[in-house]
Every structure is written in C-alpha cells, then in structure tokens.
Amino acid sequence: MSDSAGRAALHSVSVAGVVVREDGRVLAIRRVDNGTWEPPGGVLELAEAVEDGVRREVYEETGIKVGVERLTGVYKNMSRGIVALVFRCRPEGGAEQLSDESAEVAWLTPAEVSDLMADVCAVRVLDALRDDTTPALRAHDGRHLL
C-alpha cells in the first residue's frame, strides 16, 4: 500500500492495558513527559506477541503484573498513523511503583477517568469498562474523536 504521494504507508502499533480492580477502579499513570493521565501502554516491539507487549508495558510503567482478558478497542490516530490496541486486564500481583515514564500511578474511579484524562484516553478506558464484548473501533486526531 502507498499514500497519495506514492510512499509506503507506515503505521506504528501501540498497546495499552485497562487494568480493572475488583472495586471497579482503573490503573492509570500521569506521564512524566507531558503530565497527562493515561492507561499504561506503549509501542509494541517488532518480535513481541501482542499480549506480551501489554503485560510488559503495564509492568514497566506501574509495577503491576496483569492477566490480559480481552481486546476492548482499536483506535487510530489519523494524524500520526498510530494504531492502538487496548485490552481489559486484571491485576495479578506486584506493587505500584513509578518509572521513567510515570510521575504518578493511581487507581481511578470511572468518574475520575472522565475528569482527569483527555477524551481520546478516557474513551479507551470507558470502552473497556462496558459489558459489551464487541471491541470499539474509533478514529481520532490525537486530541478529539472523529
């Protein structure tokens, strides 16, 4: 495939884990680089299985070990060519800790998610909390849903 200028169309694939505790609170990080609240996640490595990438990213950024339950959404940043795969997870051990990427680690209520996270991140968490098991498919421009 190529773009309108004939260049190869390249995408980056990222993964994120929406980790839900028994009390319904969701694991979130406040990023070091820009101060925003997000579910933990990052770029999938080339030779890495998707679920392994989710477990690695959540653990590296939060210190929490997780079990991956199901895919809850696929999100494309149309301006940057990033496809994000978001999975609902359950905590299985570890303890909250900061990392080079996380200035804060917290367990947020769904209402706090809506208040603290940008729309493009909050919708990922709220989609993962739905009872509907059909993954959401959404596009955004990096800030707002399209």
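Residues numbered from 1 in each chain as written. Predicted model: local features only at pLDDT ≥ 70, side-chain atom pairs only at ≥ 80, totals over all residues. Heavy atoms only, no water.

Draft legend 1. Representation of the sheet that holds strand E4 (residues 41-43) in the model. Ordered in space as E4-E1-E6-E5-E8, the five strands form an open sheet in which the pairing is mixed. The open sheet has two free edges, formed respectively by E4 and strand E8 (136-140), since each of these has just one partner strand. Here the average twist between neighbouring strands, direction ignored, is 30°. Taken together, the twelve bridges between strand E5 (residues 64-77) and strand E6 (residues 82-94) define a ladder with antiparallel strand orientation. Bridging from a neighbouring strand, Leu71 pairs with Phe87 of E6. Each of strand E1 (12-19), E4, E5 and E6 touches helix H1 (residues 50-62); the most contacted strand, E5, lies at about 110° to it. Strand contacts of helix H3 (residues 119-129): E1, E5, E6 and E8, with the helix running at about 120° to E5, the strand carrying the most contacts. (Pairing = 2+ DSSP bridges. Helix = DSSP H or I, 4+ residues; strand = E, 2+ residues; numbered from the N terminus. Axes fitted to C-alpha atoms, helices over the stretch in contact; angles between N-to-C directions. Contact = heavy atoms within 4.5 Å.)

Draft legend 2. Region of interest: the nonpolar core. Core analysis: the largest hydrophobic core is formed by 20 residues, its most contacted members being Val18, Trp37, Tyr75, Leu108, Val113, Met117 and Val125. Sorting the residues of this core by element identifies E1, strand E2 (26-31), E6, strand E7 (102-108) and H3 as the ones contributing at least two each. Within the second largest apolar cluster, 16 residues are counted, among which are Val19, Leu27, Val68 and Leu85. (Core = buried A, V, L, I, M, F, W, Y, C linked by side-chain atoms within 4.5 Å. Buried < 20%, exposed > 50% of the residue type's maximum accessible area, 1.4 Å probe, protein only.)

Draft legend 3. The arrangement of the side chain of His140 in detail. In this fold, His140 is placed in strand E8. Only 3.1 Å separates the side chain of His140 from the side chain of Arg124, close enough to count as a polar contact. In terms of polar contacts, His140 uses its side chain to reach the backbone amide nitrogen of Gly142, at 2.9 Å. Apart from the residues lying within four places of it in its own chain, the contact partners of His140 are Tyr75, Lys76, Asn77, Met78, Ser79, Val120, Arg124, Leu145 and Leu146. (Polar contact = N/O pair within 3.5 Å; in protein donor to acceptor, adjacent residues only side chain to side chain.)

In short, shape yes, function no, at least from these values alone.
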